[in-house]
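Fold and contact review
Here are the chains, one letter per residue:
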Amino acid sequence: MRKIIYYFSGTGNSLYTARKIAEKTGGAELVSVRCEPEKMSAENADIIGFVCPVYEWDIPGTFREFIKKLSVNPDAYIFMVATYIAVHGKCFETVENLLEEKNAHLSYARAIHCVASQCTAYPPFPPEKIMLPYMERQIKRTAAEIDLKKLRKYPHMSWLSRKRYDKAMKPYLAVEHEYDKGFYTDDRCKSCKICQKVCPNKNITFENGRPVWNHHCHGCNACVAYCPTKAIQFRTPQAYRELGTFISKILCLPEKRKRYHHPAITAKDLMKDTENIE
């Protein structure tokens, strides 16, 4: 029986979730969104999983494009797990719609609460000592249900979120390509290239020994969280200042702010584009 789980992960919450599900369900092949979907087909897979965070009340755009190009077995047991903070939005509906185009459907879906990790907007919350054990319990229950191939309808976007989506989220999506203009490095940069290697969008290149962001960023903050010298800094880009929204007004990265990533996921873990969990 072939099991494969595709994931998008910036600060490790989703990769950790994918790994634990793979472990507790007898093993699976884990595939990062950085791989070419045409070469990582799930046409002959019996169990197919999708694990990703929620950005702007939806799945990351890179993950959407990956699934569009992916070949799947329409008869497989297909599950999706989303790691999120407060609003899962339309993430499950997006994946279901993409699968419908392939004559496939979600068999199981669940959203899992995790620690908020967008350190350029706020400190990590809720406290890790509370949220990490809670996240672990959620993953354990989810993995047990997936192992039994239970069916679970996907959560729909709430009526309130749907009503507010255009006003609350579309302005951010419209300027998302400007987000990484806020990143820069100070003299602590050692040209180690870890930021480049952990970026799920392959958005970072190097020029003259310093990272350059190429405007395909979803604001996952992997580069910030895993920089070993805290050399990556952030100032609010002009396009975000012009939005004048609450979030755009609080974007910053104070020196003392914790740069959260899941404690069980290292930079080397995120550098692996594929791995087999036994």
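Residues numbered from 1 in each chain as written. Predicted model: local features only at pLDDT ≥ 70, side-chain atom pairs only at ≥ 80, totals over all residues. Heavy atoms only, no water.

Attention shifts here to unusual backbone geometry. Here the bond from F125 into P126 is cis, since omega is -15 degrees, no more than 30 degrees from zero. Tracing the backbone shows P126 in the loop between β5 (108-113) and α4 (128-147). Positioned with a positive phi, W57 is a non-glycine residue whose angle comes to about 65 degrees. Position of W57 among the secondary structure elements: in the loop between β3 (47-53) and α2 (61-69). A positive phi angle, near 55 degrees, is found at K149, a position not held by glycine. Position of K149 relative to the elements: it lies in the loop between α4 and α5 (159-168). A residue is classified by how much of its surface remains accessible, and K149, at 37% relative accessible area, is partly exposed. (Helix = DSSP H or I, 4+ residues; strand = E, 2+ residues; numbered from the N terminus. Buried < 20%, exposed > 50% of the residue type's maximum accessible area, 1.4 Å probe, protein only.)

This next bit is on the pairing of strand β2 (residues 28-32). On any regular strand, side chains alternate: one points to one face of the sheet, the next to the other face. Burial analysis of β2 places 5 of its 5 residues in the buried class, the great majority of the element. Of the two faces of β2, the one holding A28, L30 and S32 and the one holding E29 and V31 are both buried throughout. Sheet analysis places strand β1 (residues 3-7) next to β2, joined by 4 bridges and oriented parallel. Residue pairing in the sheet places Y7 in a bridge with S32 of β2. As for the winding sense of the linkage, the β-α-β connection from β1 through helix α1 (residues 13-24) to β2 is right-handed. Relative to strand β10 (residues 274-277), β2 runs antiparallel, the two sharing 4 bridges. Within the sheet, the bridge partner assigned to A28 lies in β10 and is I277. (Pairing = 2+ DSSP bridges. Right-handed = clockwise from strand over helix to strand, strands pointing away.)

Once that is clear, we can look at the pairing of strand β7 (residues 204-207). The alternating pattern of β7 places I204 and F206 on a buried face and T205 and E207 on a face that is not buried. Strand direction decides the pairing type here: β7 and strand β8 (residues 210-213), joined by 4 bridges, are antiparallel. Its bridge partner being in β8, E207 is matched across the sheet by R210. Taking the residues between adjacent antiparallel strands as the criterion, β7 and β8 are bridged by 2 residues, where N208 takes a positive phi near 55 degrees.

Function cannot be read off these values alone, since they describe shape.
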